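# Observations on the three-dimensional arrangement
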Amino acid sequence: MTDVDDVETGHGRPAEPSALLGIDSRRDGPSHLVAVTGELDISCADDLERLLVDVEATDAERIVLDLSRLGFIDSSGLRVVLAAAERNPTGRLKVAPGDGAVRRTLSITGVETLLDLVD
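So, here's what we can say about the structure. (Residues numbered from 1 in each chain as written. Predicted model: local features only at pLDDT ≥ 70, side-chain atom pairs only at ≥ 80, totals over all residues. Heavy atoms only, no water.)

When helices and strands are tallied, the protein shows three helices and four strands. The order of helices and strands in the protein, counted from the N terminus, is β-β-α-β-α-β-α. Residues classed as buried in the protein amount to 47% of the 119 residues present. Taking as baseline every contact in the protein between residues at least 6 positions apart, the subset at least 24 positions apart corresponds to 59%. (Helix = DSSP H or I, 4+ residues; strand = E, 2+ residues; numbered from the N terminus. Buried < 20%, exposed > 50% of the residue type's maximum accessible area, 1.4 Å probe, protein only. Contact = heavy atoms within 4.5 Å.)

A few words on helix 1 (residues 45-56). With 12 residues, helix 1 should reach 16 Å at 1.5 Å per residue; the first-to-last C-alpha distance of 16 Å fits that figure. Of all 12 residues in helix 1, nine are buried; the element is thus mostly enclosed. Buried residues of helix 1: A45, D47, L48, E49, L51, L52, D54, V55 and E56, and no others. Those residues of helix 1 that are buried are in contact with strand 1 (21-28), strand 2 (31-40), strand 3 (62-73) and helix 2 (75-87). (Expected span 1.5 Å × (residues − 1).)

Moving on, we come to the pairing of strand 2. Relative to strand 2, strand 1 runs antiparallel, the two being bridged by eight bridges. Residue pairing across strands places L21 opposite G38, the latter belonging to strand 2. With nine bridges joining them, strand 2 and strand 3 adopt parallel strand pairing. Paired with E39 across the strands is F72, a residue of strand 3. (Pairing = 2+ DSSP bridges.)

Our focus in this paragraph is the sheet that holds strand 1. Taken together, four strands build an open sheet; the order of strands is 1-2-3-4 and the sheet is mixed. A single partner strand is all that each edge strand has here, and the edge strands are strand 1 and strand 4 (93-96). Taken over all neighbouring pairs, the strand axes of this sheet differ in orientation by 15° on average, direction set aside. Bridge analysis of strand 3 against strand 4 gives four bridges, and the strand direction is parallel. Counterpart to I63 in the pairing with strand 4 is L93. (Axes fitted to C-alpha atoms, helices over the stretch in contact; angles between N-to-C directions.)

Encoded structure:
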């Protein structure tokens, strides 16, 4: 079930419920954290994308996409992350991949070189 807490977006549209993906979205001063858990695949990638677009429409100076608690990401999930990075070319989006399967997927696919990664 998607769990959206304290979403401060310009459009007020929360992510749709999904059995595979949990989303915690919260504003902390000039930063906005979007932490996802579970599995990010074709069945729920659009949920995350809608939420990210809404967060990007706010005045947050920094958006941190925390993928460290994801157990799985497929090509649909990678597309969402890459699209968000392309929409934020000034380095506003930071991606925290963690040390698990998502980090390996980003590395194997070469996607990590296209993102601004943080720990």
